[in-house]
Amino acid sequence: MARKAVVLCGNAELPDPYLTQILDFFEIPWEGVSLAALFDPRGISTPESYALFSTLPLMGRIWKEGAVSGTLPPLLQRAKSIFLFGGEESQGTDAVLQFLTGGSDARIARLDPGETPCSISDKHVDICGPLSGLRVTVPVRLEFTILANSSTQFERLIWSKEGCLFGVAACRGKQFYLAPSSTLIDVNAPVKKTYFDIADYFLSAVPLVMYLQLTFRGVIPRSADNGACLIVDDPALRTHYGFVDLQRLAILSAEHRFTCSIAFIPWNWNRSRSSAVELFRRHADRLSLSIHGCDHTGGEFAVRNTAVINRQSKLALARMEKHAALTGLPYDRVMIFPQGAFSSASLGVLKHNGFIAAVNTEVSPTDQRRSATVGDVWRLAILKYADFAIYTRRYSFHGVHNFAFDLLLGKPCLIVTHHADFQDGGRDVVDFIDRLNSLPFPLVWRGLGDVVRHAYQQRLREDGTYQIRMWGGEILIPNPAAHTHHFVVEKRERTPEGIERVDVSGRPVAFHLDGGQMRFELEVGPKQAARIRIAYRDTFGAPPKAAWSAQFKVAARRYLSEGRDEAQPLIRWISGKT
Ligand SMILES: [Zn+2]
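Presented here is a report on the structure given in the accompanying data block. Predicted model, so just to flag it, every value in this text is computed and none were measured. (Residues numbered from 1 in each chain as written. Predicted model: local features only at pLDDT ≥ 70, side-chain atom pairs only at ≥ 80, totals over all residues. Heavy atoms only, no water.)

1. Here we look at the coordination of the zinc ion
Thinking step 1. The protein atoms donating to the zinc ion are Asp-234 (OD), His-292 (NE2) and His-296 (NE2), with metal-donor distances spanning 2.1 Å.
Thinking step 2. In primary-sequence terms, the residues that donate to the zinc ion follow D-x57-H-x3-H. Taken together, the residues Asp-234 in the loop between strand S13 (227-233) and strand S14 (240-241) and His-296 in the loop between strand S17 (287-292) and helix H9 (306-327) connect sequence positions 62 residues apart.
Thinking step 3. The class for Asp-234 is buried, based on a relative accessible area of 13%.
Thinking step 4. The exposure class assigned to His-296 is buried, which follows from its relative accessible area of 9%. (Donors = N, O, S within 2.8 Å, 3.2 Å for Na, K, Ca; no water. Helix = DSSP H or I, 4+ residues; strand = E, 2+ residues; numbered from the N terminus. Buried < 20%, exposed > 50% of the residue type's maximum accessible area, 1.4 Å probe, protein only.)

2. Digging into the packing of helix H6 (residues 202-215) against helix H12 (residues 400-409)
Thinking step 1. Viewed as axis vectors pointing N to C, H6 and H12 meet at an angle of 35 degrees, and their least axial separation amounts to 10 Å. Once H6 is placed against H12, the crossing between them reads as left-handed. Contacts between H6 and H12 involve Val-206, Val-209, Met-210 and Gln-213 on the former and, on the latter, Phe-405, Leu-408 and Leu-409.
Thinking step 2. Grouping the amino acids of the contact of H6 with H12 by side-chain chemistry returns 6 nonpolar, 1 polar and no charged. (Axes fitted to C-alpha atoms, helices over the stretch in contact; angles between N-to-C directions. Left-handed = near helix turned anticlockwise from the far one by under 90°. Contact = heavy atoms within 4.5 Å. Nonpolar A, V, L, I, M, F, W, Y, C, P; charged D, E, K, R; others polar.)

3. What to know about the nonpolar core
Nonpolar side chains in soluble globular proteins generally cluster together in the buried interior.
Thinking step 1. Ranked by internal contacts, the top residues of the largest apolar core, which has 116 residues, are Phe-53, Leu-212 and Trp-378.
Thinking step 2. With 10 residues, the top contributor of residues to this core is H6.
Thinking step 3. Residues lining this core come from more than one domain, with at least three contributed by each of domain 1 (4-220) and domain 2 (223-448).
Thinking step 4. Formed by 35 residues, the second largest nonpolar core is a distinct cluster that contains Leu-35, Ile-108, Phe-154 and Cys-164. (Core = buried A, V, L, I, M, F, W, Y, C linked by side-chain atoms within 4.5 Å. Domains from an automatic or database assignment.)

Keep in mind that these numbers describe shape and distance, not what the molecule does.
If you want it as structure tokens, here you go:
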């Protein structure tokens, strides 16, 4: 394992800015060194335990100038491993490839623009992680491939029919990872679609992220858990809603090992049927409730008027409380926005009303389109807006590769469905869940609130203290060890005056704020767990009541939507008969 990145630069050249941005993103210390360091690594500030990065053309120039003969320069010899990236067609690159792969026919070649199906090795789970064994079709603009047919010391990790797109060569006792894509991803660029699709950036991102996760295992903050949950939007609690058969869903969840959160519309608070409530009670380990808007009008959380959002937030929680009192069913204080629409202002309002996180498919607010960057969505949760966590969820059509890449990054695995996805008795849904469960990366299926409470990062410091980074407003820290552990917890909070108190298992603890971070410390005894909750002030106060006419419109809209969902199985049955 390496602790630092050393980036080789040509004389008077700067390190590749996209590489250094990615190293900064993963919190990997790095240092740029000039060619002089190749033969005299004494200039490096911490010469032990580093990984070396260089572009393939630069390595090619070094080879072409005859600087390297039989043995590797000391800078390469001392590196834990070497990552060579950024291909271009040149004789120097071919010479490097022939030396590293030991194949006299090895060379770099350009891929034809268009798209190409890529295969990922299933023999190197240590590096390919959750993506092992998958196939992904990716767009090709300016991409290169390595042709090394006669090599015996070169293994393919990602390839297409044209050649190798990421591989590892064992040369002179060192591992050289070769990623010939011409560019690296720009993590500061806005996300192009409404969600992040790794296929669009595959060759410029996946090889490097795989390599970093393998090589800097103890440096990159790691997620405590690989939480997963299936979310079904909209159903009212009755045994059948549209194509959703709750009884069957409960059976499937046990048979196929998954959990399911119903994104419950609070407007339905007094309409739950006792049979469905009983089913939820019996399957409390598999079925849970989260909050889906309030009235489920499309834009209720997409407006910029904080008074309106405050009213809807408080009304949603009041209705969920009444539902809990009527049915005895608990719920998670997690907001799932109707139709994915939210404004940048809505997140602060949710935070100050006691929601612990939002879960959403769309990544940017409606009033700041394309404002979420690749870096924002690569984080465990998007924390850009009011420091309130938005955990991203995905449709199955995004493909298993997108869920797998999220897992490689340490993000939870959250799947969104609607009642229509259960038309075939839920077969497509469980087929997809089976594929996720067969990834070489065990998922921990939990209720949605528990996924949020376990979705934090943890790093063991050299002094034996665990450093925890919170994203949502609540976390659970278990200590399975036989002795007490000390934890330092931090969370980004740029408006500290909004914090009322921090509770550890119900008792307030002292915290301090510094440079936009809130920190506090705690001990967790052997085989104990601590539940952390940040309580925020209700800065938005009591809301005005909505007019009767507005409430009437909401009711009309809800009955119409529900009638439409309920009619679909009937329409399908009738059309099947004719
Ligand atoms: Zn909905």
